[in-house]
Amino acid sequence: MPYTAEISRTNPGCFIFLVDQSASMSDPMTSGEVSRQRAEVVSDAINRLLTELSVKCAKEEGVRDYFHVAVIGYGHNHVGSAFQGALAGRDLVPLSEVANNPARVESRTKKVPDGAGGLVETAVQFPVWMDPVTNGGTPMTRALGYADSLVANWVEAHPGGFPPIVLNLTDGESTDGDPTSAAIGLASHATADGAVLLFNLHVSGSGGTPVTFPDSEEGLPDTYARLLFQMSSVLPSHMRSYAASQGHRVSETTRGFVYNADIVNIVEFLDIGTRATELR
């Protein structure tokens, strides 16, 4: 059975987030009545996920290094680390170092149940590791190549571990050529537990009904959405089970792809994409 390797401190997992930082990520996206920049929504989702991963891996002595994490931005003439603050310029970072080194901690308001059927606003602390950036084109082929080198080194160092998971969050068409061959190359790396997993989230400006975890190209409205679907890995069985438990219709050919996601879809996509096997 592939994708069943135990994730532990001696055999950690690896997450690489590829974040589109092109100019079009400044366009708005709407969830409910709130409209915000796509780049803001995506960076908030990743910051929230890093917090949740840190909490999930926290024990009495502190956060355990069950995972190493990279956040790679790609935009105007740049592909590289999107971490801010003390982690700036670094690629794969052990989770304990991530948890201990946010660039800053913001105070934000959140609505919580008041116990009487209503909601009340309360202040919460929100750690920030990456900020929204929007500039220039979409060098996706270069970004996948960058991830390829990180993955190759990781697989060589952890040949029996759970394979790296690469999550690409983008709103547009690659501006540095067809990314297909780069995606195939990336997903061709493998540990003894299975091939590298590449998942794609397409936040489209062209409208259309959201599509989550499809098993075919049917219903995808344009060539680029179909291309990203084709680049996406099939969801492993434990992720399919989790997706099904969240109400998604899945099959054995369901892929890690979401089209035209709103804010809820993004957070859920990241959660499914990082749903690892049991931690030890």
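Let me sum up the structure you'll find in this document. Keep in mind that what you see is a predicted model, and the values were worked out from it rather than measured.

Concerning the pattern of salt bridges
Thought 1: Applying the stated criterion across every chain yields a total of 12 salt bridges.
Thought 2: For glutamate 106, the salt bridge is made with arginine 104, and the minimal N-O distance between the two is 3.0 Å.
Thought 3: With a relative accessible area of 22%, glutamate 106 lands in the partly exposed category.
Thought 4: Put simply, Arg36, Glu40, Asp44, Arg104, Glu106, Arg108 and Asp131 are held in one network by salt bridges that share partners.

Quick notes on the nonpolar core
Thought 1: In this structure, Phe17, Ile46, Phe67, Val71, Ile266 and Leu270 are the most contacted members of the largest nonpolar core, which totals 48 residues.
Thought 2: For this core, the secondary structure elements donating two or more residues are strand 1 (13-20), helix 1 (38-56), strand 6 (67-75), helix 2 (95-100), strand 11 (165-170), strand 14 (197-202), helix 6 (237-245) and helix 7 (263-273).
Thought 3: Residue contributions to this core peak at 8 residues, all from helix 1.
Thought 4: Those residues within four positions of leucine 270 in sequence are excluded, and the remaining contacts are Phe17, Ala45, Ile46, Leu49, Leu167 and Leu169.
Thought 5: Ile16, Leu144, Ala225 and Leu227 belong to the second largest nonpolar core, which has 31 residues in total.

Some points on the pairing of strand 1
Thought 1: Burial analysis of strand 1 places 8 of its 8 residues in the buried class, which makes it a mostly covered element.
Thought 2: Of the two faces of strand 1, the one holding Gly13, Phe15, Phe17 and Val19 and the one holding Cys14, Ile16, Leu18 and Asp20 are both buried throughout.
Thought 3: Inspection of the sheet shows strand 1 paired to strand 6 by 8 bridges, in the parallel sense. Bridged to leucine 18 within strand 6 is isoleucine 72.
Thought 4: By the bridge criterion, 5 bridges tie strand 1 to strand 11 in an arrangement that is parallel. Bridging across to strand 11, phenylalanine 17 finds its partner in leucine 167.

Procedures and definitions
Along each chain, the written sequence defines residue order, and numbers are assigned to residues from 1. In keeping with the predicted nature of the model, local features appear solely for residues at pLDDT of at least 70, side-chain atom pairs appear and are counted solely at 80 or more, and the whole-chain, interface and lining totals rest on all residues. Only hydrogens and water are set aside; all other atoms, that is, all heavy atoms of the structure, feed into the side-chain values. Between Lys or Arg on one side and Asp or Glu on the other, a salt bridge is scored when a side-chain nitrogen of the former is within 4 Å of a carboxyl oxygen of the latter. Here's how the labels work: a residue is buried when its accessible area is under 20% of the maximum for its type, exposed when over 50%, partly exposed in between, all with a 1.4 Å probe on protein chains only. Here, nonpolar core means buried Ala, Val, Leu, Ile, Met, Phe, Trp, Tyr and Cys residues that are tied together by side-chain atoms lying within 4.5 Å of each other. A run of DSSP states H or I qualifies as a helix once it reaches four residues; a run of E qualifies as a strand once it reaches two. Both are numbered from the N-terminal end. Whether two residues are in contact is decided by their heavy atoms: any pair within 4.5 Å suffices. Note on pairing: two strands pair once DSSP finds at least 2 bridges between them.

Purely spatial values, then, with no claim about function.
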